[in-house]
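A look at the structure
This is what each chain is made of:
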Amino acid sequence: MESLTADEVRYIAKLANLYLTEDEVEMYRHQLTGILDHVQSLQEIDTEGVEPTGHATEVNTVLRDDEPGTPLERDQVLANAPSTSGEFIRVRTVLD
Amino acid sequence: MTEYEAVIGLETHVQLNTKSKMFSNSSAEYQSADPNTIVDPVSLALPGTLPVVNRKAVESAIKIGLALGCQIASVTKFDRKQYNYPDLLKGYQISQFDEPICFEGHLELPGDNPRTVRINRVHMEEDVAKLVHVDGLAGKSGYALMDVNRAGVPLMEIVTEPDLRSAEDVVAYIESLQSIIRYLGVGTANMEEGSFRCDANISVRPKGTETLGTKVEVKNMNRISAVARAVTYEIERQIRAIETGERIVQETRGWNDGTGKTVVQRSKEEANDYRYFPEPDIPPLEIGREWVDELQAELPELPAQRKARLIADFGLSEYDARLITSTRTTAEYFEETIAVGPTGNAESRLQFAKETANWLNGEIARLMNVDSINDVSATKVKPLSLANLIARVMKRELNSNTGKQVFEEMWKTGAEPEAIIEERGLGMVSDTGALEPAVDQAIADNAAAVKDYLGGKETAVRFLMGQVMKATKGQADPPMVLKMLREKLETLKANAGE
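Residues numbered from 1 in each chain as written. Chains lettered and ligands numbered in written order. Predicted model: local features only at pLDDT ≥ 70, side-chain atom pairs only at ≥ 80, totals over all residues. Heavy atoms only, no water.

Attention now goes to the overall build of chain A. Along chain A, the regular secondary structure elements total 3 helices and 3 strands. For chain A, the C-alpha radius of gyration of 22 Å lies well beyond 12 Å, the compact-globule estimate for 96 residues. Along the longest, intermediate and shortest principal axes, the C-alpha atoms of chain A span 55 × 45 × 25 Å. Residues counted as buried form 19% of the 96 residues belonging to chain A. The distance from the centre of the 7 positive side-chain charges to the centre of the 20 negative ones in chain A is 14 Å. (Helix = DSSP H or I, 4+ residues; strand = E, 2+ residues; numbered from the N terminus. Rg over C-alpha atoms; globule rule 2.2 N^0.38 Å. Buried < 20%, exposed > 50% of the residue type's maximum accessible area, 1.4 Å probe, protein only. Lys, Arg positive; Asp, Glu negative; His and termini not counted. Charge placed at Lys NZ, Arg CZ, Asp CG, Glu CD.)

Glancing now at unusual backbone geometry. Unlike most non-glycine residues, T61 of chain A shows phi in positive territory, near 55°. Looking at the secondary structure, you find T61 of chain A in the loop between α2 (22–40) and β1 (63–64).

All names here are of chain B. Sheet architecture is open: 3 strands sit in the order β6-β5-β16, paired in antiparallel fashion. Each having just a single partner strand, β6 (92–95) and β16 (277–278) make up the two edges of the open sheet. Inspection of the sheet shows strand β5 (residues 79–82) paired to β16 by 2 bridges, in the antiparallel sense. Within β16, the position partnered with R80 by the bridge is F277. (Pairing = 2+ DSSP bridges.)

As a further point, take the side chain of R121 of chain B. All names here are of chain B. Checked against the element boundaries, R121 lands in strand β8 (residues 115–126). Salt bridges are absent for the buried R121, whose nearest opposite-charge side chain, E157, sits at 6.3 Å. A polar contact is formed between the side chain of R121 and the backbone oxygen of F97, at a distance of 2.8 Å. Non-local contacts of R121, meaning those with residues more than four positions away in its chain, are made with Q96, F97, P100, C102, F103, E157, I158 and V159. (Salt bridge = Lys/Arg side-chain N within 4 Å of Asp/Glu carboxyl O. Polar contact = N/O pair within 3.5 Å; in protein donor to acceptor, adjacent residues only side chain to side chain. Contact = heavy atoms within 4.5 Å.)

Before going further, it helps to examine the packing of helix α6 (residues 318–325) of chain B against helix α8 (residues 346–370) of chain B. Residue and element names in this part refer to chain B. Taken N-terminus to C-terminus, the directions of α6 and α8 make an angle of 55°; their axes are 10 Å apart at the nearest point. It follows from the interaxial angle that α6 and α8 lie oblique. Crossing angle aside, the handedness with which α6 passes α8 is left-handed. Seen from α6, the contacting residues are D320, L323 and I324; seen from α8, they are K354, A357, N358, L360 and N361. Each residue belonging to the contact of α6 with α8 can be placed in one class, and the counts come to 4 nonpolar, 2 polar and 2 charged. (Axes fitted to C-alpha atoms, helices over the stretch in contact; angles between N-to-C directions. Parallel < 35°, antiparallel > 145°, perpendicular 65-115°, else oblique. Left-handed = near helix turned anticlockwise from the far one by under 90°. Nonpolar A, V, L, I, M, F, W, Y, C, P; charged D, E, K, R; others polar.)

Here the focus is the interface of chain A and chain B. Facing the 34 residues of chain A at the interface are 51 residues of chain B. Buried surface at the junction of chain A and chain B, summed over both partners, amounts to about 3,800 Å²; 57% is from carbon and sulfur atoms. Here D65 of chain A and R55 of chain B are joined by a salt bridge, their closest N and O atoms 3.2 Å apart. Between the two partners, chain A and chain B, sit 24 residue pairs in polar contact (both at pLDDT 80 or more). Ranked by residue count, the leading element in the side of chain A that touches chain B is strand β3 (residues 88–92) of chain A, at 5 residues. Two strands pair when backbone bridges link them, and β1 of chain A and strand β2 (residues 53–54) of chain B are joined in this way by 2 bridges, in the parallel orientation. (Buried area = accessible area lost by both parts, 1.4 Å probe.)

The next subject is the pattern of salt bridges. Between side chains of opposite charge, a pair can form as their charged atoms come close. Residue and element names in this part refer to chain B. Applying the stated rule across the entire model yields 42 salt bridges over all chains. Of the charged contacts, one joins D79 and K77 as a salt bridge, the two residues approaching to 2.5 Å between their closest N and O atoms. Summarising the burial analysis for this pair, D79 and K77 share the class buried. Among the salt bridges present, the one from E217 reaches K219, with a minimum N-O distance of 3.8 Å.

On to the sheet that holds strand β9 (residues 130–134) of chain B, then. Spatially, 4 strands are ordered β2(A)-β3(A)-β10(B)-β9(B) in an open sheet, and the strand pairing comes out antiparallel. Each edge of the open sheet carries a strand with a single partner, namely β2 (84–85) of chain A together with β9 of chain B. Sheet analysis places β3 of chain A next to strand β10 (residues 143–147) of chain B, joined by 4 bridges and oriented antiparallel. Looking across to β10 of chain B, one finds that I89 of chain A is bridged to M146 of chain B.

Right, let's talk about helix α14 (residues 460–471) of chain B for a bit. For the α-helix, the turn length of 3.6 residues means that residues three or four positions removed from each other point alike. All names here are of chain B. Counted at 1.5 Å a residue, the expected span for α14 with its 12 residues is 16 Å, and the 17 Å between its end C-alpha atoms agrees. Along α14, the residues classified as buried are A460, V461, L464, M465, V468 and M469. Immediately beyond the C-terminal end of α14, within one or two residues, lies K473, with a positive phi of roughly 55°. (Expected span 1.5 Å × (residues − 1).)

Another point: the domain arrangement of chain B. When its domains are assigned, chain B resolves into domain 1 (4–295), domain 2 (301–424) and domain 3 (432–497). For domain 1 of chain B versus domain 3 of chain B, the distance between C-alpha centres works out to 65 Å. (Domains from an automatic or database assignment.)

Before going further, it helps to spend a moment on the side chain of R150 of chain B. Checked against the element boundaries, R150 of chain B lands in the loop between β10 and β11 (154–160). Setting aside anything within four residues of it in sequence, one finds R150 of chain B in contact with Q15, Y30, D127, V128, A129, K130 and R197 of chain B.

A few words now on the pairing of strand β12 (residues 196–206) of chain B. Within a regular strand, side chains alternate between the sheet's two faces. Residues and elements named next belong to chain B. Counting buried residues in β12 gives 9 out of 11 residues, a clear majority hidden from the surface. In the sheet, strand β1 (residues 4–15) pairs with β12 via 11 bridges, with the strands oriented antiparallel. By the bridge assignment for β12, V14 is matched with F196. The sheet contact formed by β12 and strand β13 (residues 216–221) spans 4 bridges and is antiparallel. The residue of β13 that forms the bridge with I202 is V216.

Before going further, it helps to spend a moment on the nonpolar core. With 103 residues, the main nonpolar core has I8, I64, L68, Y173, F334 and F407 of chain B as its most contacted residues. When neighbours within four sequence positions are excluded, Y173 of chain B is seen to be in contact with L10, T12, L107, L109, V117, I119, I158, T160 and L164 of chain B. (Core = buried A, V, L, I, M, F, W, Y, C linked by side-chain atoms within 4.5 Å.)

Another point: the state of the cysteines. Residues and elements named next belong to chain B. Enumeration over the complete set of coordinates arrives at 0 disulfides over all chains. Not engaged in a disulfide, the cysteine C70 finds its nearest cysteine sulfur in C102; these two sulfurs lie 5.4 Å apart. A relative accessible area of 10% means that C70 is categorised as buried. On the accessibility criterion, C102 (0% relative accessible area) is buried. (Disulfide = S-S within 2.5 Å.)

To continue, consider the packing of aromatic side chains. Per the counting criterion, the structure on display carries 8 aromatic pairs over all chains. Clustering of aromatic rings is evident, with ring pairs tying together Y83, F97, Y274 and Y276 of chain B. In this arrangement the basic side chain of R90 of chain A is found over the ring face of Y143 of chain B, its NZ or CZ atom lying 3.5 Å from the centre. (Phe/Tyr/Trp six-rings, centres within 6.5 Å; stacked < 30°, edge-to-face > 60°. Lys NZ or Arg CZ within 6 Å of the ring centre and 35° of its normal.)

Given below as structure tokens:
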């Protein structure tokens with residue numbers, strides 16, 4: 001298949017919240033194109049008459065009763081946050 | 001001049017009042033919890049955690065679907081909606097994309113212009129964490145404080161077809177939907193609290209044409225009055241833009257309640273690319289017919305059905321019946337009052353129902369508003385006490401003015417009307433013997449008014465009547481007083497003419 005463009009790679013990176021150097025853009029352009037080529041090969045399989053599914057297992061309808069359990073302690077909740085402020089996780093303001 | 005019409009579709013997010021979250025078991029009662037105290041590994045998006053669907057949330061979703069006349073999917077699935085925002089810890093929201101749990105329903109708009117609004121879909125998803133923005137000090141950039149408690153609270157998104165035509169339609173739709181959610185008991189549907197949020201897709205077109213104009217999404221409307229103002233503003237803005245030859249851009253605009261305007265938030269060129277795909281952590285959900293039938297059987301009588309029944313059974317006006325049935329508690333209070341009210345002939349029963357409606361929609365609604373009470377059954381006045389009061393006013397033992405005085409005391413103290421009437425020596429005076437001195441006194445003290453009456457100005461009797469009511473502290477039976485005054489004045493007139 002046709003190679004991805006550098007702009008497409010930058011767009012995908014932006015959606016994934018990644019910041020790439022120009023060298024990385026070039027590297028991923030080749031790698032991602034290779035992955036797409038590989039996935040493309042799946043298209044050769046004849047799926048005539050096969051129902052589409054999002055799942056590979058036969059399991060369905062796994063439900064849980066509406067019973068509250070024990071939550072994490074606040075210390076645990078905040079433990080992995082890059083920045084905290086009092087009882088809260090502190091994050092950068094994002095403008096729409 | 002071209003006449004325009006607005007074409008509006010709504011997307012409403014309704015929080016469910018389940019005890020636990022949509023996909024994990026920490027408490028969903030975030031309104032009353034201290035920050036970051038009802039968080040579990042799933043809602044915190046820790047790696048390796050597994051979301052498991054809350055059965056009650058699915059049942060609530062099905063009930064909402066049934067109440068809106070939707071088809072219920074026999075198989076439904078969840079999908080990942082991916083975008084980056086600090087309040088979304090996983091980097092994706094578990095939602096439903098192409099196989100929503102409910103689809104193709106409708107909601108009837110009440111009022112003078114009844115109409116059917118088609119419901120496109122109802123789907124299940126999860127709420128996000130809550131951010132509180134903090135402004136930076138001079139020159140420094142601000143930041144936000146995040147409380148994860150709300151992350152994972154069950155959220156239903158209800159999407160209409162573009163069947164609404166005005167701000168009034170939008171308000172009627174919202175009120176009806178809120179009412180249905182509360183009747184079902186699946187949520188509080190409170191806009192101010194954020195348990196009911198609404199975004200509007202608005203476009204305008206010349207009236208009579210079929211092609212849709214470019215639509216603009218309006219967000220950030222946090223109360224019903226803001227919705228009405230924002231929709232009105234946006235319709236007018238678009239019409240003005242078209243008339244001045246401006247191009248309408250497909251974009252998202254935010255309502256600013258302070259300035260009373262919508263402002264651009266995001267244009268289509270930079271619109272989100274959500275890259276939905278099936279949520280691999282949650283297997284598909286099969287919904288059997290028996291399950292749906294069971295839930296159908298659990299549905300309460302809904303506001304529209306109840307309204308129709310109150311109109312049919314008690315001859316209420318559409319307006320009265322709509323106000324009474326807008327909340328389940330008020331409708332129940334009304335019917336309980338009727339049930340304990342006096343038995344009588346059909347006519348007096350209808351009259352009693354009408355009076356009860358007047359009290360509920362008038363004085364009681366007013367006092368509930370003053371005292372900020374939402375639930376009439378939480379007030380001090382019980383249906384039986386109200387029924388007694390109304391019966392006394394109908395039997396003319398009290399006039400309507402004294403009735404209100406007695407009611408205010410009942411409202412404050414919860415006392416029975418009989419006790420208040422006795423203690424205060426209230427009660428209507430319609431005994432001619434008791435009224436006669438006051439009537440004579442009024443005639444004796446107000447020669448000018450009497451002269452006016454005798455001179456042909458019959459309205460002067462109203463003034464005299466006011467004097468009698470004042471002298472009897474408002475307790476006299478007004479029609480009786482009027483009759484007595486007229487008789488006495490007519491006698492004077494006849495005597496003067498001789």
